[in-house]
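# Summary of structural features
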Amino acid sequence: MNQNVNQPEETFRQKVKRILLLKNKWYRRLALVIWMGVGGLLLGAPAYILSVRSNLFGWFGEMPDFKAIENPQNDLSSELISADGVSLARYFLFNRSQITYDELSPDLINTLLISEDHRFRGHSGLDFPSYLRVLYGVITFNVSAKGGGSTITQQLAKNLYTINPQMDGSIARWGKLPRRIMQKTKEWIISIDLERNFTKEEIIALYLNTCEFGSNAYGIKIASETYFGKQPSNLNIQEAAVLVGMLQNSSLFNPRRNPKNALSKRNQVLTKLFSHGWIKTRKAYDSIRSLPIALNYSVQNQNDGLAPYFRTAIENDLKKWCKEHGYNLLSSGLKIYTTIDSRMQRYAVEAVTESMREQQKVFDKHWKGRDPWTSDGGTESDGFLESRIKQTDVYRTLVARYGAGNDSVNLLLKLKRPMTVFTWDGERDTLFSHMDSLRYYKRFLQTGFVSIDPQTGEIKAWVGGIDYKYFKFDNVRQALHQPGSTFKPFVYGAAMEVGFHPCFKLQDISPTITLSGSPSKTWTPANAEGDYGTGDWLTLRQAMAKSKNSITAQVLQRVGVENIISFARRAGISSRLDAVPTLSLGVSNVSLHEIVGSYTTFVNLGAYTVPYYITRIEDKNGNVIENRVPKTRQAISEHTAFKMVHMFMGGVDEEGGTSRAISRQLKEDNEIGGKTGTTSDGADGWYIGITHDLVSGAWVGGDERRIRFRQWSLGTGGRTALPIWDRFMLKVYADPYLKYKKGQFKRPSTQLDISLDCQQYTPPGESAKSLDNWNPNN
């Protein structure tokens, strides 16, 4: 009986003992697992990290080396910068430009840190408290508690390296999760490397430089310019909050496309700023929060910038230089410092716009009801548009698709569709066919303008046309036109060089010149007025001032065409010049760029300085990698050059001079010279004006020679091109901050061997016959 009573007690003890034994065994196993885990972590983590770093067996993908970490590569736009420090334009695949920490506003910096990583200053690239928050959010399925765990440094690592699929290894190809694990591992490793190699300030700047903000804006500098029209250093709290809010989703929170979302996100960021004390008072917070998002939106593209013609015209030169020096113009982040002055460039654009708007009105009124393309006889050209449409890309595309002569080609060319077109009053939406568009745009007058400092050769302003978006052809350097009478100074310059005097007189009678190789063919040039001379005796200064073709041809006879070509070459003309008598009247094509550059030789006392437009080039880190200096050579003597300056001034001073229309305000207390030019059919109008410190020139004409005024006088350089120069100089002189002022031309270092006063001049012969036949070479 006692045995039965004691049996349950013994069984209970046995059970307790058995439970204790099981517990000890479980604890030992748990301890073993824990120690194995710790050991595995201590040994496996370094091995894993080392495997990722070395891309073991190609499993993990490439990692940037330490050199790349220290010098992170980031596709950057190259920027053209004016002589006065203003951004003129950019070359880019992705519109991005780097800035430094010092160029960020305090509001922007603190908004970024408080909103995205408020423990940034205290961690070393990895923020473990945020990882615990993320883990808690995952476990509890609480999205709001989950939040984000990436630090700014990790985001930088992601932007720079890990989002590139080319850096994936074979594990990443197993699926999204393995790829994400690899990316995160690399972000952690690279983040630690970044923290070791960069200061906190440098990481902030690097991060903001690598972010994408939509609207083709990459980096905080372009984003600030695109959305608010200002630099990052000038961003206020509410603007900074908009841009920082876009970092989480540049499309969803884009203030242009999704203004409601952007406003809500901005206010969330402002709430964080208030809770962390950056916004000091509730009143200030409520005030800022109630403000609307005030955008100054402007998407930057290749049509934008203050000098798009200039940027495009020099692009091939820059690409050639980049190829020779191992850079990429579109992605190396070069800073290209130019000679262009942004203020003068703006004045040039304004002068062109104001003058060409008026010229177009005159042109349209002149041709009202008729098309302005004519044959050499002055009648309308038949089949003009039909022949020109065949030169277009759209025609070639249609022919390639349907075949030449197919009715579908003509049908589609005449099919009207919605189109935005250029007008002088702004863009206009209309319904045009391709033929309508061609007819419309062929009616516009075109222009080019360039201004050069004669002492340095620096190009200060460059306008290649009336509107780059719609007319991309550059009329400064790309276009070649007949210079007309603007070539005459080289004829008279060659005469001055061999001993002619500005006061030497010739009779206003057109010579008859036998053409070389054709004894039966002769040439007798008519003057602009249509006559062959009045018979009056004129000084060479008066003849050039009045642009007398008759006397210019006589000078060519005496000096010789080869001497004239030699003089023009030395002065700076590089285009082909035909050795024919008509050369004296400007029949050989030249560019505006070269002829204005050659005129600087006269102003600079015979020293030709090759016009240039780049002073230095810096890499993305601010290191100067190229310095450029003027290239100068003595082309003609100081005395010859100054005699020609005196001749140029005759256009302003002499009665009947073609530069007399210059504004009186420009002439006061100022020495000015200039030369007009007009081709025989009025297709080209030129004016080149000279002062002691600026030589500037304009060309005006149709898209091609057949497009012109019917009335020659309406297309003269004095009526079409001179007003552009006049307006430009008025604006330059009105700016007190520019160094270009009124003044006198430079005088030769030694006294002239002659007097320029015609009253003191003694001609080489006493009779008209001896005077007419005199030649300094005899």
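Note that the structure is a prediction, hence the values are computed from the model and not measured. (Residues numbered from 1 in each chain as written. Predicted model: local features only at pLDDT ≥ 70, side-chain atom pairs only at ≥ 80, totals over all residues. Heavy atoms only, no water.)

A few words now on the pairing of strand E7 (residues 459-463). Burial within E7 is extensive, with five of its five residues counted as buried. The turn linking strand E6 (residues 446-452) back onto E7 is made up of six residues, and Gly457 within it adopts a positive phi angle of 80°. (Buried < 20%, exposed > 50% of the residue type's maximum accessible area, 1.4 Å probe, protein only. Helix = DSSP H or I, 4+ residues; strand = E, 2+ residues; numbered from the N terminus. Pairing = 2+ DSSP bridges.)

A few words on the pattern of salt bridges. The tally for this structure, following the rule as stated, stands at 40 salt bridges. The salt bridge involving Glu315 is made with Lys319; its shortest N-O contact spans 3.3 Å. Of this pair, Glu315 and Lys319 both sit in helix H14 (residues 315-325), four residues apart, which is roughly one turn of that helix. For the salt bridge of Arg477 with Asp317, the shortest nitrogen-to-oxygen distance reads 3.2 Å. On the criterion of sequence distance, the pair formed by Arg477 in the loop between E7 and helix H20 (488-497) and Asp317 in helix H14 is long-range, its members being 160 residues apart. Accessibility expressed as a relative area gives 27% for Arg477, which makes it partly exposed. (Salt bridge = Lys/Arg side-chain N within 4 Å of Asp/Glu carboxyl O.)

In this section: the confidence of the model for the chain. Confidence in the prediction for the chain averages 86 pLDDT; 82% of positions are at 70 or higher. This stretch, residues 143-147, has a pLDDT under 50; its non-local contacts, to residues over four places away or in other chains, come to nine contacts. Low pLDDT, under 50, characterises residues 766-772; the predicted model gives this stretch 10 contacts beyond four residues in sequence or across chains. (pLDDT = per-residue confidence, 0-100. Contact = heavy atoms within 4.5 Å.)

Let us look at the side chain of Lys335. Turning to its location among the elements, Lys335 is positioned in strand E3 (residues 335-338). Given a relative accessible area of 17%, Lys335 falls into the buried group. Beyond its immediate sequence surroundings of up to four residues, Lys335 is in contact with Glu79, Ile81, Ser97, Gln98, Arg616, Ile617 and Glu618.

Once that is clear, we can look at the sheet that holds strand E17 (residues 684-690). Reading across the sheet, the five strands line up as E7-E6-E18-E17-E16 and stay open at both edges, with antiparallel pairing between neighbours. Two strands close off the open sheet at either side, each with one partner strand: E7 and strand E16 (673-678). Sheet twist, expressed as the mean angle between neighbouring strand axes with direction ignored, is 5°. Alignment of E6 against E7, held across four bridges, turns out to be antiparallel. (Axes fitted to C-alpha atoms, helices over the stretch in contact; angles between N-to-C directions.)

It is worth spelling out the packing of aromatic side chains at this point. Throughout the structure, instances matching the rule amount to 30 aromatic pairs. With centroids separated by 4.9 Å and ring planes inclined at 20°, the aromatic side chains of Trp373 and Phe384 adopt a geometry described as stacked. In this pair, Trp373 sits in the loop between helix H15 (342-366) and helix H16 (384-389) while Phe384 sits in helix H16, placing the two residues 11 residues apart along the sequence. The burial state of Trp373 is the same as that of Phe384; both residues are buried. Between Tyr599 and Phe648, the ring centres sit 5.1 Å apart and the planes meet at 50°, which makes this aromatic pair tilted. One end of the pair, Tyr599, is in helix H24 (residues 592-603); the other, Phe648, is in helix H25 (residues 638-653), and 49 residues separate them in sequence. Side by side, Tyr599 and Phe648 carry an identical accessibility label, which is buried. Positioned over the ring face of Phe120 is Lys200, at 4.3 Å from the centre of the ring. Just above the ring of Tyr468 sits the side chain of Lys472; from NZ or CZ to the centre is 4.9 Å. (Phe/Tyr/Trp six-rings, centres within 6.5 Å; stacked < 30°, edge-to-face > 60°. Lys NZ or Arg CZ within 6 Å of the ring centre and 35° of its normal.)

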